[in-house]
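Report on the structure
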Amino acid sequence: MDDLAALGWTTQSRPPALFQRFAFASYGQTRAFLDRVAEVQDALGRAAQNISFGPTYVNITIAAEGELGDGEHELARRIAAAALAVGGAA
C-alpha cells in the first residue's frame, strides 16, 4: 500500500476506496489520459467506480466491496503510470 501513497493515492476505510486527482496542462493531455484509463480498465477487466473530470483535471475513485485487494491496487498503479505517460501530475 505504501507504494500507492507514493504515487499520490489516498485511502479511505469506509467504504474501502482509493482516490486521486490528476492534473494536466491541457485538455489534450486530459483526453489522452482518459483514453489510457479506458484501455487499462479493459485490459484488467476492472473499472474505477467514479471518474469525474474537467478540462485539465481528472478525479478517480477506485472502490471495493470488501477490503481493497491486489486488483484495485494494480488498477491504481496502472492508472498512475498512464498519467505520467501523458505528462500529468498528482
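The structure contained in this document is the topic of the report that follows. Just so we're clear, the structure is a prediction, and the values are computed from it rather than from any experiment.

A look at the overall build of the protein chain
On a plain count of helices and strands, the protein chain comes out with three helices and four strands. Counted from the first residue to the last, the protein chain has its helices and strands arranged as α-β-β-α-β-β-α. Seen along its three principal axes, the alpha-carbon backbone of the protein chain occupies a region of about 35 × 25 × 20 Å. Expressed as a percentage of the 90 residues in the protein chain, the buried residues total 37%. In the protein chain, 68% of the contacts between residues at least 6 apart in sequence involve partners at least 24 apart. Put simply, the protein chain shows about 5,000 Å² of open surface, and 51% of that area lies on carbon and sulfur atoms.

Observations regarding the packing of aromatic side chains
A complete count under the given rule lists three aromatic pairs for this structure. Here W9 and F22 contribute two aromatic rings whose centre-to-centre distance is 5.7 Å and whose plane-to-plane angle is 75°, an arrangement assigned as edge-to-face. Highlighted residues: W9 in the loop between helix 1 (2-6) and strand 1 (10-12) and F22 in strand 2 (residues 17-23), separated in sequence by 13 residues. With a relative accessible area of 2%, F22 lands in the buried category.

Parameters and conventions
Residues numbered from 1 in each chain as written. Predicted model: local features only at pLDDT ≥ 70, side-chain atom pairs only at ≥ 80, totals over all residues. Heavy atoms only, no water. Helix = DSSP H or I, 4+ residues; strand = E, 2+ residues; numbered from the N terminus. Buried < 20%, exposed > 50% of the residue type's maximum accessible area, 1.4 Å probe, protein only. Contact = heavy atoms within 4.5 Å. Areas by Shrake-Rupley, 256 points an atom, 1.4 Å probe, with all protein chains shown as cover. Phe/Tyr/Trp six-rings, centres within 6.5 Å; stacked < 30°, edge-to-face > 60°.

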